[in-house]
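For reference, the chains in residue letters:
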Amino acid sequence: MARTRLAGAARVARWADAALGPGRAGAAGDGKATLSAATAERAAADLGLSVAQVRADWDTARLAGLVEVHGDNARPGWRLRAWDRDDSAVLRGWVALFDAWSLACPEPEGHEAAAVAEVVSAMPQVLSFLQLSAGPVPEDQLLDLLRQRVTELRTERCEVPYGPEPDPGAAAPHGAGPDSALPASERGPALPTAAWTPPSQAAVAAPAPSATATTSPAPAPDVPAAPLPGPGREAAPADEAGPADGASLAPLLEWALRALASVGALTYGGGQATLTPLGSWAVWVKLEQICVAAQSPAGNIEQGAEDMLRGCAQLRPNAARAEYRAWLAARPVGSAVTELLSAARGEDALLRGLAFEALRVVGAPAEPDVRSVLDEPALRPYALLWLAEHDGIDPEDAHEVLTRDEATWLWVDTAAAVADHGEAPMLVRHLESAVQPTVPALLDEVRAVGHPRTVQVLVALAAAHPDPALAKAVRRAAFQVHTGGS
């Protein structure tokens, strides 16, 4: 379904890659891979499409990450490169389009930007309700849920209603959670994905409507029209700060449903909306990510990459991977990869190895960033192993992609991690993983490779090794590296 939905976008992106790439004879007149009017007409002629269809497919390609735009330049995204061989790239592309549904169709005119933003913020709960309903839901019921959610959003912003204050002993308004009256400092931490919240208890408890059911919307909560004017602030007009009434939200709900239908997330017609299987899967994944993030095993979800990796250093491999998944679920992939690579560039060799373990959990989206560090000596061996495993090479055979010098550098770097964080017997056992057949050969190549931690590693190894003769040879090698001798 995702491939079908994005087929037109992929076709235009491939055409642009072939016709507008740097140095090609068919490049645009301005030398940039942009979709100018002339370029759109040329693409329409080459592909047998209308100019309008080319522009629509181009916009979809940009939203889906098939085309990446940098200023006035456009270039193929990694998803286009992996399109034919990686199903996950296709699904991620469609999810990116799904996340950008509000950009897929222009919003109706005559509505304040704040009202449109409220509807966009409230739609995840509407989509969650559609997913739980597992069938057609009348538009009237969705409108009632949208009105309730918008009211909750305004309450969370502490907008003071215009009118008599409610009785403190009265029941909380529908949709207000038990923590809504708590100060922000006493509430739980908010996740970056908190917009994707499951429906309120009342919505979940409501029976799922059938395709032929007719459900009357619940009466609107008695929310007054506008906030009280405070000192130095004039009362807002009623049409700007009015209640979340169905009349003002109905056209925005219709716009949202039509936009979501245009990206393939749901079907909309006859006064009802139904998630497509693809849309239901996407919403389920969003909710699952929140659950994973909320159940961070070691509680490092709100830490930066370096602190998170330090927290995972003492965990078993499976527990560490669970922590990586939770940490990654709570932040955008791009910024998470950047953070992990930044941590890998530090002086702690242990964090370098753990950072690439976390990048293995990221998978294909990290490939461009991992390739970009191949020119950095400290990261190159790790990046080569990561890319080899990503290309399907067995992890036990991946070391064969390293040159002798790269393998030696990696051995020293790993030994530095063991020396800093492990025990002496572990450092002695680390000798067995060296590619050199003898200790003298290892020492010769370790001295030549020029790792900045070579002296510290050799001194620690000499102190840990039980063989006095070998320990003496290692100490001599450390001294030679320290003094610059051969």
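One numbering rule holds for all chains: residues counted from 1, following each sequence as written. Only residues with pLDDT of at least 70 get local features here, since the model is predicted, and only at 80 or more are side-chain atom pairs given and counted; chain-wide, interface and lining totals rely on the full set of residues. With hydrogens and water excluded, all non-hydrogen atoms of the structure serve as input to the side-chain values.

**A short note on the overall build of the protein**
Then comes step 1: A tally of regular secondary structure across the protein gives 24 helices and five strands.
Then comes step 2: Two residues qualify as a contact provided that any one of their heavy atoms is within 4.5 Å of a heavy atom in the partner residue. Counted over contacts in the protein with a minimum sequence separation of 6, partners at least 24 positions apart contribute 66%.
Then comes step 3: Approximately 25000 Å² of the protein is accessible, and the part contributed by carbon and sulfur atoms is 55%. Starting at the N terminus, helices and strands are each numbered in turn, a helix being any DSSP run of H or I of at least four residues and a strand any DSSP run of E of at least two. Here the accessible surface of atoms and residues is derived via Shrake-Rupley with a 1.4 Å probe, and residues count as covered only by protein chains that are part of the display.

**Re the nonpolar core**
Then comes step 1: Working definition of a nonpolar core: buried Ala, Val, Leu, Ile, Met, Phe, Trp, Tyr and Cys residues. They are joined through side-chain atoms within 4.5 Å. For each residue, the accessible area found with a 1.4 Å probe, counting protein chains only, is set against the maximum for its type, and the residue is called buried under 20%, exposed over 50%, and partly exposed in between. With 62 residues, the main nonpolar core has Leu66, Trp94, Met123, Leu142 and Leu146 as its most contacted residues.
Then comes step 2: Membership of the second largest hydrophobic core comes to 37 residues, among which are Met308, Tyr382, Leu384 and Leu402.

**Structural notes on helix H17 (residues 349–362)**
Then comes step 1: With 14 residues, H17 should cover 20 Å at 1.5 Å per step; its first-to-last C-alpha distance of 20 Å lies within 8% of that length.
Then comes step 2: Along H17, the residues that are buried comprise Ala349, Leu351, Arg352, Leu354, Ala355, Phe356, Ala358, Leu359 and Val362.
Then comes step 3: N or O atoms within 3.5 Å of each other form a polar contact, as long as, within protein, one can give a hydrogen and the other can take it, and as long as residues adjacent in sequence are counted only when both atoms are side-chain atoms. A distance of 3.0 Å separates the backbone nitrogen of Leu350 from a side-chain oxygen at the start of H17, and that oxygen is part of Asp348.
Then comes step 4: At the exit of H17 stands Gly363, carrying a positive phi of roughly 80°. The span one expects for a helix is its residue count, reduced by one, times 1.5 Å.

**Observations regarding the sheet that holds strand E3 (residues 137–138)**
Then comes step 1: Any two strands with at least two DSSP-identified bridges between them are counted as paired. Strands sit in the order E3-E5-E4 across an open sheet of three strands; the sheet is antiparallel. Looking along the sheet, the strands with just one partner apiece sit at the ends: E3 and strand E4 (266–269).
Then comes step 2: Relative to strand E5 (residues 272–275), E4 runs antiparallel, the two being bridged by four bridges. When the sheet's bridge partners are listed, Gly269 is paired in E5 with Gln272.
Then comes step 3: Angles here are taken between N-to-C directions and fall from 0 to 180 degrees, while the axes themselves are lines fitted to C-alpha atoms, restricted in helices to the stretch in contact. On top of the sheet, helix H8 (residues 113–133) reaches E3, E4 and E5; it is set at about 75° to E5, its chief contact.

**Details of the side chain of His430**
Then comes step 1: When you line up the elements, His430 lands in helix H21 (residues 424–430).
Then comes step 2: On the basis of relative accessibility, which here comes to 11%, the residue His430 falls in the buried class.
Then comes step 3: Separated by 3.5 Å, the side chain of His430 and the backbone nitrogen of Ala415 make a polar contact.
Then comes step 4: Look past the residues within four positions of His430 in its chain and what remains in contact with it is Trp411, Thr414 and Ala415.

**Here we look at the packing of helix H19 (residues 380–390) against helix H20 (residues 404–421)**
The relative placement of two packed helices comes down to the angle between their axes together with the axis-to-axis distance.
Then comes step 1: One can describe the packing of H19 onto H20 by two numbers: an axis separation of 9 Å at closest approach and a directional angle of 110°. In terms of their interaxial angle, H19 and H20 are classed as roughly perpendicular. Along its contact with H19, which presents Arg380, Pro381, Tyr382, Leu384 and Leu385, the element H20 presents Glu406, Trp409, Leu410, Asp413 and Thr414. Angle categories are assigned with fixed cut-offs, so that under 35 degrees is roughly parallel, over 145 is roughly antiparallel, 65 to 115 is roughly perpendicular, and the rest are oblique.

**Observations regarding unusual backbone geometry**
Then comes step 1: The phi angle at Ala134 is positive, at roughly 55°, despite the residue not being glycine.
Then comes step 2: Inspection of the secondary structure assignment puts Ala134 in the loop between H8 and E3.
Then comes step 3: Ala134 sits in the exposed class, given a relative accessible area of 69%.

**Quick notes on H19**
Residue pairs three or four apart in sequence face the same way in an α-helix, which turns once every 3.6 residues.
Then comes step 1: Most of H19 sits inside the fold, with eight of its 11 residues counted as buried.
Then comes step 2: Within H19, burial applies to Pro381, Tyr382, Ala383, Leu384, Leu385, Trp386, Leu387 and Ala388.
Then comes step 3: Here the buried face of H19 lies against H17, helix H18 (367–372) and H20.
Then comes step 4: Gly392 occupies a position one or two residues after H19 and carries a positive phi of about 100°.

**A short note on a nonpolar patch on the surface**
Then comes step 1: Candidate patch residues must exceed 30% relative accessible area and have no salt bridge, after which like charges are joined if within 9 Å and Val, Leu, Ile, Met, Phe, Trp or Tyr side chains if within 5 Å. Throughout this description, the term salt bridge denotes a Lys or Arg side-chain nitrogen within 4 Å of a carboxyl oxygen of Asp or Glu. Together, Leu91, Trp281 and Trp284 give the surface a local cluster of nonpolar side chains, amounting to about 280 Å² of exposed area.
Then comes step 2: Within the secondary structure layout, Trp284 lies in helix H13 (residues 277–294).
Then comes step 3: The class for Trp284 is partly exposed, based on a relative accessible area of 46%.

**Quick word on the pattern of salt bridges**
Then comes step 1: According to the stated counting rule, one finds 21 salt bridges in the structure shown.
Then comes step 2: Between Arg258 and Glu254 there is a salt bridge whose closest N-O contact spans 3.2 Å. Of this pair, Arg258 and Glu254 are both found in helix H12 (residues 246–262), four residues apart, which corresponds to roughly one turn of the helix.
Then comes step 3: Exposure remark for Arg258: the relative accessible area of 47% places this residue in the partly exposed category.
Then comes step 4: A salt bridge links Arg352 to Asp413; the shortest N-O distance between them is 2.9 Å. Of this pair, Arg352 sits in helix H17 while Asp413 sits in helix H20, placing them 61 residues apart in sequence. Comparing Arg352 with Asp413 shows no difference in burial state: the two are buried.

**Thoughts on the packing of aromatic side chains**
Then comes step 1: Here the aromatic set is Phe, Tyr and Trp, taking the six-membered ring for Trp, and pairing holds for ring centres within 6.5 Å; pairs whose planes are under 30 degrees apart are stacked, those over 60 apart are edge-to-face, and all others are tilted. This structure, assessed with the given rule, holds three aromatic pairs.
Then comes step 2: Taking the centre distance of 5.3 Å and the plane angle of 5° together, the rings of Trp94 and Phe98 count as stacked. Of this pair, Trp94 and Phe98 are both found in helix H6 (residues 87–99), four residues apart, which corresponds to roughly one turn of the helix. Comparing Trp94 with Phe98 shows no difference in burial state: the two are buried.
Then comes step 3: On the basis of an interplanar angle of 50° and a centroid distance of 5.4 Å, the ring pair of Trp101 and Trp255 is categorised as tilted. With a gap of 154 residues between them, Trp101 in helix H7 (residues 101–104) and Trp255 in helix H12 connect regions that are remote in the sequence. We note that Trp101, like Trp255, is buried.

**A look at the environment of Val418**
Then comes step 1: Within the secondary structure, Val418 is located in helix H20.
Then comes step 2: Relative accessible area serves as the criterion here: at 13%, Val418 is assigned to the buried category.
Then comes step 3: As for Val418 and Val457, which are separated by 39 residues in sequence, their C-alpha atoms are 9.0 Å apart.
Then comes step 4: Sequence-distant contacts of Val418, that is, excluding residues within four places in its chain, are made with Glu423, Met426 and Leu427.

Limitation: the analysis is restricted to geometry and does not speak to function.
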